[in-house]
Amino acid sequence: LRDNRIELVRASWHELSISVSDVSLSDEGQYTCSLFTMPVKTSKAFLTVLGVPEKPQITGFTSPVMEGERMQLTCKTSGSKPAAVIRWFKNDKEVKDVKYLKEEDANRKTFTVSSTLDFLADRSDDGAVVSCRVDHESLNSTPQIAMQVLEIHYTPLVKIISSNSWPEEGQSIILTCESKGKPVPEPVLWTKDGGELPDPERMVVNGRVLSISFLNKTDNGTYRCEAKNPIGRNSTEYVLIVHDVFNTLLPTTVIPSLTSAAVTTTVALTSTATSASAIDTRDPNALAGQTGPDHALIGGIVAVVVFVTLCSIILLGRYLARHKGTYLTNEAKGAEDAPDADTAIINAEGSQVNAEEKKEYFI
């Protein structure tokens, strides 16, 4: 061998060793070692040279890409022997659905390998890292990688968030319009029922936030938030329903009564009717803490007065009934046959001596 790159490392009767520096593909082939003895001894070895693939490159990317457009990214590497393997990844997740092409180089020893990734651009791909990795046995488990960061432009995505899930009259509410797009959307536009906000004093817009104070029934309606950027515009709606104020009535204190069952029933009915009347006729704007006269107390006092009067009448009647009265009834026996009044009187007086005293009682 006559080559400055080939050097004899060791020579003895039993062993010959050489080293080849700066190995190239032309060094591949069969090498023969001969030992000139009697007889001559020879040994052959075949040297295989691997072609190291070049660093891959990604082509076909234009920035920015509009959402919905088709993207075709091609990764290519040359000089590999045997042919290298190309794998695609998106955010460290391998993509399997790719096209693979292998071509033999002009030297008829190495290969050029290319792979194409074809997909539709989506807003979720914005900022994603697409990488092309070349695997080959000559790289000693250290693959060569090319990367590309995607930039996708898309129309705004709009969402309204409410600070109050059950708005009532007199309360306040804050509506926040969240918009996400690329390029960044311009300041949002707030409308109500297709027109401008009717009460700018209570309806204040600060950037993407709409604040409404002192809610009332006239605020009911559909509020729309619209955002736009150079790619397009989008909007969403929020239906506001203002509810009545929920009042909690204070419990009514009932004073126990010593009247009969009939009187007690009458007092309860009167108190219930009065309370219902008070509820139906009260001012809706009045505060819950304001109360009227205590009708239950008045009804109880009237019932006690009636009860005392009835008891007094009953006791007086019983007292008069128990008072005894005594009188005499003289029956003039035989007076019926007297010829005249004088004779009848004389007969009657004579009979008073033996007359029985009769008593009557007023019950």
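Rules of the game
- Residues numbered from 1 in each chain as written.
- Predicted model: local features only at pLDDT ≥ 70, side-chain atom pairs only at ≥ 80, totals over all residues.
- Heavy atoms only, no water.
- Helix = DSSP H or I, 4+ residues; strand = E, 2+ residues; numbered from the N terminus.
- Buried < 20%, exposed > 50% of the residue type's maximum accessible area, 1.4 Å probe, protein only.
- Areas by Shrake-Rupley, 256 points an atom, 1.4 Å probe, with all protein chains shown as cover.
- Contact = heavy atoms within 4.5 Å.
- Pairing = 2+ DSSP bridges.
- UniProt positions renumbered as here; feature names shortened; annotations may be inferred.
- Axes fitted to C-alpha atoms, helices over the stretch in contact; angles between N-to-C directions.
- Salt bridge = Lys/Arg side-chain N within 4 Å of Asp/Glu carboxyl O.
- Phe/Tyr/Trp six-rings, centres within 6.5 Å; stacked < 30°, edge-to-face > 60°.
- Lys NZ or Arg CZ within 6 Å of the ring centre and 35° of its normal.
- Polar contact = N/O pair within 3.5 Å; in protein donor to acceptor, adjacent residues only side chain to side chain.

Undergrad: Account for the overall build of the protein chain, naming residues and giving values.
TA: The secondary structure content of the protein chain amounts to three helices and 22 strands. In the protein chain, buried positions account for 23% of the 363 residues. Accessible area of the protein chain: about 25600 Å², with a carbon and sulfur share of 56%.

Undergrad: Any details on the environment of S172? Residues and values, ideally.
TA: Counting through the fold element by element, S172 comes out in the loop between strand 14 (152–162) and strand 15 (173–182). Under the relative-accessibility criterion, S172 is labelled partly exposed at 45%. Sequence spacing of S172 and S213 is 41 residues, and the spatial spacing of their C-alpha atoms is 4.3 Å. Excluding its chain neighbours within four sequence positions, the residues that come into contact with S172 are N164, I212, S213, F214 and L215.

Undergrad: I'd like a rundown of the pairing of strand 10 (residues 99–104), residues and numbers included.
TA: Of the pairings in the sheet, the one linking strand 10 to strand 11 (residues 111–120) comprises six bridges and is antiparallel in character. Note on strand 11: the bridge partner recorded for E103 is T112. Where strand 10 hands over to strand 11, the hairpin turn is made up of six residues, of which R108 adopts a positive phi near 60 degrees.

Undergrad: So what's going on with the UniProt feature "transmembrane region" (unreviewed entry) in the protein chain? Which residues, and what values?
TA: What UniProt calls "transmembrane region" (unreviewed entry) maps, in this numbering, to residues 296–316. Between the end C-alpha atoms of residues 296–316 the distance is 31 Å, and the span holds 100% helix and 0% strand.

Undergrad: Would you mind going over unusual backbone geometry in detail, with residue names and values included?
TA: Geometrically, the link from S63 to P64 is a cis peptide bond, its omega value of 0 degrees lying close to zero. Take P64: it is sitting in the loop between strand 5 (57–59) and strand 6 (65–66). Across the junction of K182 and P183, the peptide omega takes the value -5 degrees, indicating a cis bond. Counting through the fold element by element, P183 comes out in the loop between strand 15 and strand 16 (189–192). Despite not being glycine, D92 shows a phi value in the positive range, around 65 degrees. Secondary-structure assignment places D92 in the loop between strand 8 (85–90) and strand 9 (93–95).

Undergrad: Which residues make up the sheet that holds strand 16, and what values go with them?
TA: Reading across from one edge, 16-19-20 is the order of the three strands in this open sheet, with antiparallel pairing throughout. The open sheet has two free edges, formed respectively by strand 16 and strand 20 (232–240), since each of these has just one partner strand. This sheet shows a mean twist of 20 degrees between the axes of neighbouring strands, independent of strand direction. Across four bridges, strand 16 lies against strand 19 (residues 221–229) in antiparallel orientation. When the bridges of strand 19 are listed, K192 appears paired with Y223.

Undergrad: Run through the pattern of salt bridges, naming residues and quoting values.
TA: Note on pairing: side chains with opposite charge can pair once their charged atoms come close. Inspection of every chain in the model, using the stated rule, returns 17 salt bridges. Between E28 and K81 there is a salt bridge; the shortest N-O distance is 2.8 Å. With E28 in the loop between strand 2 (16–20) and strand 3 (29–35) and K81 in the loop between strand 7 (70–80) and strand 8, the pair connects residues that are 53 residues apart, well separated along the chain. In this structure E28 comes out as partly exposed when scored by relative accessible area, which is 27%. Residue class for K81 comes out buried when judged on its relative accessible area of 13%. For R202, the salt bridge identified is with D199, shortest N-O distance 2.8 Å. Given the relative accessible area of 24%, D199 is considered partly exposed. Here the residues in one salt-bridge network are R87, E94, K96, R133 and D135, joined through shared partners.

Undergrad: Just give me the short version of the packing of aromatic side chains, but keep the residues and values in it.
TA: Taken as a whole, this structure holds zero aromatic pairs when the rule is applied. Its end group placed over the ring of F119, K90 keeps NZ or CZ at 4.4 Å from the ring centre. The aromatic ring of F111 is capped on one face by K102, whose charged end is 5.4 Å from the ring centroid.

Undergrad: Give me the side chain of D27: which residues, what numbers.
TA: Among the secondary structure elements, D27 is positioned in the loop between strand 2 and strand 3. A distance of 2.6 Å separates a polar atom in the side chain of D27 from a polar atom in the side chain of R5. D27 has contacts with R5, V20, D22, L47 and V49, leaving out every residue within four places of it along the chain.

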